[in-house]
Amino acid sequence: MEIILEKNKKRTGPVIFSKYNMGEGIKKALELGRENLLFEIKGAGLKGRGGAGFPTATKWMLSAAANAEKKFVVCNADEGEPGTFKDRVLLLEYPELVFEGMVIAGYIIGAKTGIVYLRGEYEYLLEALEEFLMKMREEKLLGKNILGKEAFDFDISIRLGSGAYVCGEETALIESLEGNRGEPRNRPPYPVNTGYLGYPTIVNNVETLASVPHIVTKGGEWFKKYGTDKSTGSKLFSVSGDCAKPGVYELPWGTKIKELLELVGAKNTKAVQVGGASGICIPKTQFDRAFAYEDAATGGSIMVFNEGRDMLKVLKNFLEFFVEESCGQCTPCRVGNTKLLEGVEKIERGEYTFAYISNLKELGHTMQVASKCGLGQSSPNSFISILENFKDEIFRTNGKGRNNGKA
Amino acid sequence: MVKRENTRTPVSQQPHIVDKPADTATIGGTISVEINEKKVTVPLGTTILEACRQNQIHIPTLCHHPDLCIAGVCRICVVDVEGMRTLQTACSFPITSPIKIRTSTPMVRKARRHIIDLLLSEHYGECYSCFRNGNCELQSLAKEYGVDSYTFGHVEKPRYEVDNSSASVIRDMSKCILCKRCVRTCIDLQEVGVLEAINRGHETHIGTFLDKPLADVICINCGQCINRCPTAALRANDPSDEIWAAIDDPQKHVVIQTAPSPRAAIGEEFGVEPGHSFTGELNTALKRIGFDKVFDTNFTADLTIIEEGTELLNRLKKAIVEKDESVKLPQFTSCSPGWVKFIEHFYPEYLDYLSTAKSPQQMFGAITKTFYAKEAGVDPADIVTVALMPCAAKKFECNRPEMNDSGFKDVDYGLTTREMAKMIKEAGIHLPEMPKSNFDDPFGEASGAGLIFGATGGVMEAALRTVYELVTGREVPFKNLVIEPCRGFEGIKQASVKLENCVEEYKFLEGVEVKFAVAHGTANAKKVMEMLRKGELVGYHFVEIMACPGGCLGGGGQPIPTSADIRKKRAEAIYAEEESLPIRKSHENPHVHYIYEKFLTEGPCSKLSHKLLHTHYTKRGKFIS
């Protein structure tokens, strides 16, 4: 299995995949103390790697400030966004980074319990991870009085998801942890105040947590050397699709799309889907854009489409995914996605008016602002960007609809 | 941090409670916000919806219901909060900082319209052929937002089969808009937990365990879900066609009994404000519709008090005098069929605590087809008994196989207040215009004690008035017979009355402090049962439980909508009518004396009364086959 994953890892960059010795991070963290740690992470400008890009230090500060008898650190390993597979590499090859990140987080916010919410499909990683946790316990990196630090107890358990995409959304994830239907909660309250079992909880992506031990040992200034002003450090990209060398790449933020395409050996590229099914589709004319929170933001999923691909089919595939994966609780997402899919099917059959298409785009905008969680708020992105950026291709018909009216 | 009660409700469906300062006058107790450029000050933690309503700004809602916790799923109440990337739901957003809110921006209006369009595209709404036509929240919203076409299409075929397996509640999921009010009612308000969302995405629907028919799961038939459904996805099993057929059949002698709660609420179906009783008008209307006799269920409510009160005294005697340790105390009331099914499912091991007395409805049926048939000289085979009830569970109750003690089906049909109003309208009658008339003999007059059965605590109050007087020979020591500790809408009420200077027959009760408890809504019933399980009810003698919040006046067959305020007004109407009645104690009802003289000659809890007026229960448990 490791061999397969080794093949997956295509480029090790200077940050996440840089040299690290197990235990260093926790040791340094205990020396620094809570305030200095927060200061370092804030100074590093670390933002959430799951896609939304919320400043990690702010999240941790809020829950550190919350007054409660219990707090929780949750690692979101529900890597469900279509086209991403970087967390799997981290979990199998660098579990010390992820787990130590959790311990440090627990130390900062005052939590004693960490939970890894592991994607159901990654069950095959479970045994190795449990073994690794045992090893950490033996080395006093987990358990009571970690590294001899009086009254600093922290332990990690692993829970498996059951395959729902929406459970990657932090509040749905918490519901699922509690044994309920995986449905996002209303916000406010935010998990930093009212999370797992009603206690302050931080939920962080695998990659975010894995960045933390590096920042702690090497410093925020070092981290900031990489990336752009607003997007510091590096990012793991899961590259798939029409390219010669798909796999996981570590690149600094600010890398241009065309640079990445060259690196992965993509030829005749027509479009790049940045950020998975919920991301945006970028056409050839915009390949100068850079991967960054302020430009082409992504949780890591990069799908490459060459000239041979039918963009309407690509879009249909994404929408079918959302129709099935919406949790079904809020109206804009549950019904909205089916309407967008219906629209695509009508375009396929040539049964549409431009007024109808424009209505659907408006609906997409409503979904972006009125859905309850990130799923419904981002699912129309592909619809809007593909219809906008590839309208010449999609609406080029012979009067009978595409393919003479046959889907 | 939100303090969580030990309920089964997921946090996603629980209210977000902000720790509010005890005194809003303290610093930080209130907060100033701008709503549509107008400055208003509200207590910290007020939701945007509450703040808007307090300031006469209308926000449409659909999944929000005043009795239920917040869901925030329909998204119709979205508003714009300055500085936030997305629109926020007014119902779920607690104000904790000085925000600027706008309730009618182009984006807000467009979003609301889209949401209505989306709901309409999925809702199999055939307004003409729908029982909620004119009283449908989705229909009203469509009108409010000027929907004149289906922007995103409209379903033309039902998506789901109608589940009419239950004698009480019919589910038509093609009309469901997934607001989850029924789910929150069932799980959170009633703590029964029969309904929950099943599947995901477009396949999401509200279902039962393994999507089994409602009749096969542990539904208690309370019908509270019906009262809170915004559309016609849930409705009661309506027998009015059969009743019309019986009325139109000259061979049939159709008798109707009317319960106290429908009178206090049926006016709402005719556009009258809640809180007005139409007892006399209803009697006239029913006679004009063609019922041969109109009887008062309060008569058998009085009978219930005699039977149940005697049963209680018997239990007390066995326990105190005979030191019989097998006697189960406290005795629980058994008039609420929702509660009876609840205890059968959830606490089958405690069925012996339940009074064996039938509910007033079933007593009436058994008496009608025996005593009345004989007195009136009618063949009981030709009698059709209809019961006008505020209740959905009464429909199930009258269909229980054991309810055939008269030799016939004791009560043929249970009819809800809503269905009755429909029949009255169908007959061309506007109820509030009717002249008043009395109930028919031989059960013409009933006591006020029977009338207050309609409100939570009423059975207890009626029973105390009788039991206390039987035991001591004096009236209950409460001014104007109003036993205050039994009244009001507190979830669980507990109190006691001391028995002193008892008459000779009941000397064994001298000095006994009768402890009683009253609970309404099965969530509170569950709390009481847990108290019993933990031994916290030792020393208690009598417990009244009603399955529905507010008691029968908040029953699952009552007019829609319902809210705490509406239920309070209905209770006020009942109590006001009660005080005007000449007889206010069950044991003083002359018709009750008459029936014990002429028919149940061996007295309460005798052999004949056991055959006709008492029943037994089934240990159902939670097993679902």
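If you're wondering where the values come from, they're calculated on a predicted model, not measured in any experiment.

Caption draft 1: Here's a closer look at the overall build of chain B. Along chain B, the regular secondary structure elements total 19 helices and 17 strands. Computed over its C-alpha atoms, the radius of gyration of chain B comes to 26 Å, within 12% of the 25 Å expected for a compact globule of 625 residues. The proportion of buried residues among the 625 residues of chain B is 63%. Computed over 74 positive and 81 negative side-chain charges, the separation of the two mean positions in chain B equals 5 Å.

Caption draft 2: Layout of the overall build of chain A. Tallying secondary structure elements over chain A gives 17 helices and ten strands in all. Computed over its C-alpha atoms, the radius of gyration of chain A comes to 22 Å, within 12% of the 22 Å expected for a compact globule of 407 residues. In terms of overall dimensions, chain A has a C-alpha envelope of 75 × 40 × 40 Å along the principal axes. Per-residue burial for chain A yields a buried fraction of 61% across its 407 residues. Taking all contacts inside chain A whose residues are at least 6 apart in sequence as the whole, residues at least 24 apart take part in 72%. If you sum the accessible surface of chain A, you get close to 15300 Å²; carbon and sulfur atoms cover 49% of it. Looking at chain A, you have 53 positive and 52 negative side-chain charges, and the mean spots of the two groups are 3 Å apart.

Caption draft 3: Here's a closer look at unusual backbone geometry. Here Arg187(A) and Pro188(A) are connected by a cis peptide whose omega angle stands at -5°. On the secondary structure map, Pro188(A) appears in the loop between helix H8 (170-177) and strand E5 (201-205). Note the cis peptide between Leu329(B) and Pro330(B), where omega equals 0°. Looking at the secondary structure, you find Pro330(B) in the loop between helix H9 (297-320) and strand E12 (331-332). Of note, the phi angle at Leu197(A) is positive, near 55°, even though the residue is not glycine. Examined against the element boundaries, Leu197(A) turns out to sit in the loop between H8 and E5. Phi is positive for Arg75(B), which is not a glycine, with a value near 70°.

Caption draft 4: Inspection of the nonpolar core at higher detail. Trp60(A), Leu90(A), Phe99(A), Met102(A), Phe154(A) and Ile156(A) are the most contacted members of the largest nonpolar core, which totals 61 residues. Among all residues touching Ile156(A), those that are not within four sequence positions of it are Phe99(A), Met102(A), Val103(A), Gly114(A), Val116(A), Leu133(A), Arg137(A) and Leu142(A).

Caption draft 5: Expanded view of the packing of aromatic side chains. On inspection of all chains with the given rule, the structure shows 35 aromatic pairs over all chains. Both rings, one in Phe342(B) and one in Tyr347(B), keep their centres 6.4 Å apart while their planes meet at 45°; by these two values the pair is tilted. Per residue, the accessibility class of Phe342(B) equals that of Tyr347(B), and both read buried. By the ring-pair criterion, three or more aromatic residues cluster together here, those being Phe295(B), Phe299(B), Phe364(B), Phe371(B), Tyr372(B), Phe443(B), Tyr594(B) and Phe599(B). The ring of Tyr122(A) carries Arg119(A) above its face, with NZ or CZ at 5.6 Å from the centroid. The positively charged end of Lys341(B) is found above the aromatic ring belonging to Phe396(B), 5.0 Å away from the centroid.

Caption draft 6: Main features of the interface of chain B and chain A. Facing 45 residues of chain B, the contacting portion of chain A comprises 48 residues. With both sides pooled, the region where chain B packs onto chain A buries about 3500 Å², and carbon together with sulfur makes up 56% of that total. In this structure, the connection of chain B to chain A is made through three salt bridges. The interface formed by chain B and chain A holds 19 residue pairs in polar contact (both at pLDDT 80 or more) in total. Only helix H2 (106-122) and strand E7 (196-198) of chain B provide two or more residues apiece to the side of chain B that touches chain A. Of the residues forming the side of chain B that touches chain A, the biggest block, nine residues, is contributed by H2(B). Considered class by class, the residues forming the side of chain B that touches chain A number 23 nonpolar, 14 polar and eight charged.

Caption draft 7: Spotlight on the environment of Ala571(B). All names here are of chain B. Among the secondary structure elements, Ala571 is positioned in helix H17 (residues 564-579). Separated by 19 residues in sequence, Ala571 and Cys552 have C-alpha atoms that sit 9.8 Å apart. Once you skip the residues sitting within four places of it in the chain, Ala571 turns out to touch Phe489 and Leu553.

Caption draft 8: Main features of the sheet that holds strand E8 (residues 269-274) of chain A. Residue and element names in this part refer to chain A. Strand order in the open sheet made by the six strands is E1-E7-E6-E10-E8-E9, with mixed pairing throughout. Each end of this open sheet is capped by a strand with a single partner; those strands are strand E1 (9-11) and strand E9 (280-283). Adjacent strand axes in the sheet meet at a mean angle of 30° when their direction is disregarded. Where E8 meets strand E10 (residues 301-306), five bridges bridge the pair, whose relative direction is antiparallel.

Caption draft 9: Broad picture of the domain arrangement of chain B. When the domains of chain B are assigned, the result is domain 1 (11-104), domain 2 (116-236), domain 3 (256-299 + 361-433) and domain 4 (311-359 + 446-613). Placing a centre on the C-alpha atoms of domain 1 of chain B and another on those of domain 4 of chain B gives a separation of 42 Å.

Caption draft 10: Expanded view of the side chain of Arg487(B). Residues and elements named next belong to chain B. In this structure, Arg487 sits in the loop between helix H15 (458-472) and strand E15 (492-498). A residue is classified by how much of its surface remains accessible, and Arg487, at 15% relative accessible area, is buried. A polar contact of 2.8 Å, which involves the side chain of Arg487, links it to the side chain of Glu461. If we skip the residues at most four places from it in the chain, Arg487 touches Glu461, Arg465, Val482, Lys493, Tyr575, Glu578 and Glu579.

Caption draft 11: Representation of the domain arrangement of chain A in the model. All names here are of chain A. We note that the domain assignment places domain 1 (2-224), domain 2 (234-306) and domain 3 (311-405) within chain A. Computed from C-alpha atoms alone, the centre-to-centre distance between domain 1 and domain 3 is 35 Å. With 14 residues of domain 1 at the interface, the matching set in domain 3 holds eight residues. Contact with domain 3 buries surface across domain 1, with Tyr165, Val166 and Pro184 losing the most and accounting together for 50% of the total. The interface formed by domain 1 and domain 3 holds zero salt bridges in total. Taken together, domain 1 and domain 3 are joined by four residue pairs in polar contact (both at pLDDT 80 or more). Residue composition of the side of domain 1 that touches domain 3, grouped by class: five nonpolar, four polar and five charged.

Caption draft 12: Spatial organisation of the sheet that holds strand E1 (residues 30-35) of chain B. Residues and elements named next belong to chain B. The five strands are arranged E2-E1-E5-E3-E4 in an open sheet whose pairing can be described as mixed. Each edge of the open sheet carries a strand with a single partner, namely strand E2 (38-43) and strand E4 (88-89). Two strands pair when backbone bridges link them, and strand E3 (residues 78-81) and strand E5 (residues 100-102) are joined in this way by two bridges, in the antiparallel orientation. Note that in E5 the partner of Val81 across the bridge is Ile101. Running at roughly 160° to E3, H2 makes contact with E3 and E5 of the sheet.

Caption draft 13: Just the environment of His587(B), in detail. All names here are of chain B. Structurally, the position occupied by His587 is in the loop between H17 and helix H18 (590-598). Expressed as a C-alpha distance, the spacing of His587 and Ala462, which sit 125 residues apart in the sequence, is 9.8 Å. Setting aside anything within four residues of it in sequence, one finds His587 in contact with Ile306, Arg465, Thr466, Glu469 and His593.

Caption draft 14: Seen up close, helix H9 (residues 206-218) of chain A. Residues and elements named next belong to chain A. Over its 13 residues, H9 extends 19 Å from the first C-alpha to the last, a length consistent with the 18 Å expected when each residue adds 1.5 Å. Burial runs high along H9: eleven of the 13 residues are buried. Turning to H9, its buried residues are Val206, Glu207, Thr208, Leu209, Ala210, Ser211, Val212, Pro213, His214, Ile215 and Val216. Directly beyond the C-terminal end of H9, a positive phi value near 100° is found at Gly219.

Caption draft 15: Structural view of the pattern of salt bridges. Residues and elements named next belong to chain B. Throughout the structure, instances matching the rule amount to 59 salt bridges over all chains. With a closest N to O distance of 3.5 Å, Asp117 and Arg113 form a salt bridge. You can see Asp117 and its partner Arg113 sitting in helix H2, four residues apart, about one turn around the helix. When its relative accessible area of 5% is taken as the criterion, Asp117 is described as buried. Across the pair Lys287 and Asp440 runs a salt bridge, and its minimum N-O distance is 3.8 Å. Of the two residues, Lys287 sits in helix H8 (residues 279-289) while Asp440 sits in the loop between helix H13 (417-426) and helix H14 (448-451), which places them 153 residues apart along the sequence. Under the relative-accessibility criterion, Lys287 is labelled partly exposed at 31%. Looking at Asp440, the relative accessible area reads 15%, which means it is buried.

Caption draft 16: Structural view of helix H2 (residues 24-32) of chain A. Residue and element names in this part refer to chain A. Taken residue by residue, H2 has Gly25, Ile26, Ala29 and Leu30 as its buried positions. Buried residues along H2 cover an arc of 130° about the axis, so they all sit on one side. Exposed and oriented more than 90 degrees from the buried face of H2 are Lys27 and Glu31. Where H2 is buried, its residues contact helix H3 (34-44), helix H6 (95-109) and H9. In the segment just after H2, Gly33 is the residue with positive phi, at about 85°.

Reading guide: rules and limits
- Residues numbered from 1 in each chain as written.
- Chains lettered and ligands numbered in written order.
- Predicted model: local features only at pLDDT ≥ 70, side-chain atom pairs only at ≥ 80, totals over all residues.
- Heavy atoms only, no water.
- Helix = DSSP H or I, 4+ residues; strand = E, 2+ residues; numbered from the N terminus.
- Rg over C-alpha atoms; globule rule 2.2 N^0.38 Å.
- Buried < 20%, exposed > 50% of the residue type's maximum accessible area, 1.4 Å probe, protein only.
- Lys, Arg positive; Asp, Glu negative; His and termini not counted.
- Charge placed at Lys NZ, Arg CZ, Asp CG, Glu CD.
- Contact = heavy atoms within 4.5 Å.
- Areas by Shrake-Rupley, 256 points an atom, 1.4 Å probe, with all protein chains shown as cover.
- Core = buried A, V, L, I, M, F, W, Y, C linked by side-chain atoms within 4.5 Å.
- Phe/Tyr/Trp six-rings, centres within 6.5 Å; stacked < 30°, edge-to-face > 60°.
- Lys NZ or Arg CZ within 6 Å of the ring centre and 35° of its normal.
- Buried area = accessible area lost by both parts, 1.4 Å probe.
- Salt bridge = Lys/Arg side-chain N within 4 Å of Asp/Glu carboxyl O.
- Polar contact = N/O pair within 3.5 Å; in protein donor to acceptor, adjacent residues only side chain to side chain.
- Nonpolar A, V, L, I, M, F, W, Y, C, P; charged D, E, K, R; others polar.
- Pairing = 2+ DSSP bridges.
- Axes fitted to C-alpha atoms, helices over the stretch in contact; angles between N-to-C directions.
- Domains from an automatic or database assignment.
- Expected span 1.5 Å × (residues − 1).
- Arc of directions from axis to C-beta.

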